[in-house]
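Residues per chain are reported as follows:
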There are 2 protein chains.
Amino acid sequence: MVIQLYDLAGVDENRRFSPYCWRIRMALVHKELQVQTIPWRFTDKAAIAFSGQGAVPVLVDGDLTVVDSWRIANYLEDQYPDRAPLFGCEAARHHALFIKLWVERVLNPLALRMVALDIFKHLHEKDRAYFRETREKRFGMSLEAYVSNREQARDGFREALAPLRAFLGEQPFLGGLKPLFADYLVFGTFQWMRCVSDFQVLAKDDPVYAWRARLLDLYGGLARAAVGYPV
Amino acid sequence: MVIQLYDLAGVDENRRFSPYCWRIRMALVHKELQVQTIPWRFTDKAAIAFSGQGAVPVLVDGDLTVVDSWRIANYLEDQYPDRAPLFGCEAARHHALFIKLWVERVLNPLALRMVALDIFKHLHEKDRAYFRETREKRFGMSLEAYVSNREQARDGFREALAPLRAFLGEQPFLGGLKPLFADYLVFGTFQWMRCVSDFQVLAKDDPVYAWRARLLDLYGGLARAAVGYPV
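Enquirer: I'm lost on the packing of helix α1 (residues 19-30) of chain B against helix α8 (residues 181-196) of chain B in this one. Help?
Expert: To characterise two packed helices, one gives the angle between the axes of the helices and the distance between these axes. Residues and elements named next belong to chain B. In the contact formed by α1 and α8, the axes pass within 8 Å of each other and the chain directions differ by 135°. When the axis of α1 is compared with that of α8, the two are oblique. As α1 packs across α8, the resulting crossing turns out to be right-handed. Each of Pro19, Tyr20, Trp22, Arg23, Met26 and Ala27 in α1 lies in contact with α8, whose residues at this interface are Phe181, Tyr184, Leu185, Phe187, Gly188, Thr189, Gln191 and Trp192.

Enquirer: Please clarify how the relation of the copies chain A and chain B should be interpreted in this entry.
Expert: Relating the two copies of this chain is a rotation about some axis coupled with a shift parallel to it. Once chain A is rotated about the relating axis by 180° and shifted along it by 0.0 Å, it coincides with chain B to within an RMSD of 0.0 Å. Taken together, the rotation and translation describe the operation of a two-fold axis. Measuring from the rotation axis to each C-alpha of chain A, the shortest distance belongs to Ala92 of chain A, at 2.0 Å. Interface overlap between copies is the fraction of interface residues in one copy that are interface residues in the other; for chain A against chain B it reaches 100%, indicating a shared surface.

Enquirer: Would you explain the interface of chain A and chain B in this entry?
Expert: When the parts of a complex come together, some accessible area is lost, and that lost area is often taken as the interface size. The interface is formed by 27 residues belonging to chain A together with 27 residues belonging to chain B. When residues of the side of chain A that touches chain B are traced back to their parent elements, those giving at least two are α3 (90-122) and α7 (162-167) of chain A. The dominant element in the side of chain A that touches chain B, judged by the number of residues it contributes, is α3 of chain A, at 13 residues. When the residues that make up the side of chain A that touches chain B are grouped by side-chain class, the tally is 18 nonpolar, 6 polar and 3 charged.

Enquirer: Can you walk me through the sheet that holds strand β4 (residues 64-67) of chain A in this structure?
Expert: Pairing between the strands of a sheet is mediated by backbone hydrogen bonds and can be parallel or antiparallel. Residue and element names in this part refer to chain A. In spatial order, the strands read β2-β1-β3-β4; together these 4 strands make up an open sheet with mixed pairing. A single partner strand is all that each edge strand has here, and the edge strands are β2 (35-40) and β4. Neighbour to neighbour, the strand axes of the sheet diverge by 20° on average, direction disregarded. Contacts between helix α1 (residues 19-30) and the sheet are confined to β1 (3-8), β2 and β3 (58-61), with β1 contributing the most and set at about 150° to the helix.

Enquirer: Could you clarify how one ought to interpret the domain arrangement of chain A in this entry?
Expert: Residue and element names in this part refer to chain A. Along its sequence, chain A is organised into domain 1 (3-79) and domain 2 (90-221). With centres defined by C-alpha atoms, the gap from domain 1 to domain 2 works out at 19 Å. Between domain 1 and domain 2, the residue contacts involve 18 residues of the former and 21 residues of the latter. Breaking the side of domain 1 that touches domain 2 down by element, the ones donating at least two residues are α1 and α2 (69-79). In terms of residue count, α1 provides more of the side of domain 1 that touches domain 2 than any other element does, 7 residues in total. Within the side of domain 1 that touches domain 2, the residues separate by chemical class into 11 nonpolar, 3 polar and 4 charged.

What counts and what doesn't
Residues numbered from 1 in each chain as written. Chains lettered and ligands numbered in written order. Predicted model: local features only at pLDDT ≥ 70, side-chain atom pairs only at ≥ 80, totals over all residues. Axes fitted to C-alpha atoms, helices over the stretch in contact; angles between N-to-C directions. Helix = DSSP H or I, 4+ residues; strand = E, 2+ residues; numbered from the N terminus. Parallel < 35°, antiparallel > 145°, perpendicular 65-115°, else oblique. Left-handed = near helix turned anticlockwise from the far one by under 90°. Contact = placed C-beta atoms within 7 Å. Least-squares fit on C-alpha atoms with pLDDT ≥ 70 in both. Nonpolar A, V, L, I, M, F, W, Y, C, P; charged D, E, K, R; others polar. Pairing = 2+ DSSP bridges. Domains from an automatic or database assignment.

Okay, here's the thing in structure tokens:
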């Protein structure tokens, strides 16, 4: 039975913009595993109640349900060890966890400062009040105020990319000559932004721009073909 | 013949404070390799001219000379593959390079904002003019001005540690249950600071504080026994 993935969607059910779901989309194709994605909206809590929580990605593989992008990646690695590795070894898995936390603690907050309102604009009608209310409570201000200085957020975002930019002077992917899950961890954030926003977060001469282009082109251009804005 | 390491020293030749040399001290003891350290000052360029450049660490292993902390770690890993691994696999090595660059691009500039003047105060007389001149040119201001708001730098430093702090909620070391070179990459920066400064950069209830204590205690307390200030 084909793997199923509950995948965050916008008003257009083909607009899939979750950074965490994109990590798993990339991990699945990396392992050459077929997947059926199921469009899901923030307020479709009942549809994933069987998973014991209320967020995507939710992966269903036969009788097994796995939630949380990090746990899903680890599940796929351990369940399908004969497919291309997502990590490489235990040490690499630990280091990838550090990279995950760098993405989530450093990059994602700056990304939200740029695209939070663009996310809202692409949501299904039924999700809008929920999203605005929960995010405005978290941010302590309106969505509009939160993104009101996104040029400054972009400066901070580009500066925060310094370690990745320096790395790309040495290797084409965080995995070395080939991408690994560490690449998808970072790429999810870029794909999230481009799927909802035409705001150009990277300069064209940035090595990170070229790296993102390599990720967009992987696997027959899976991520580039997704509904979103050109970059 | 025992490995030799040219190691940055202060006016007290037993005060060894280079973050890059500390990475290698830890890597050598990790691999249970004996080392003879040779105290070296910034202006002792002639003493390491044989290495083709002017900075430490410089490692001499028999007929071979290796410079640069990253290259030395890679050399040790490849030359002594039967000893405890510093990386674990190629993927982990690439990810560790990312962590190295995070340390150097994010943490070290903030560390210098806290301890640049303390470094100067511990230098050998013959190094002081050199250090002041090169650093003040790089910083675009006096050493005194550069560290004049080190409480603010400490706030930034603590905030920049967010990914490591979150990681330490999951695992005791960046290597998992045991330290790897990734841990020494970060630890070098902390050891650098404590060897020249009594400025307390971490709160005692910070998980990073506990991680640093674990590193200080490794290998019979090698790093804790080093000449420096208590933390």
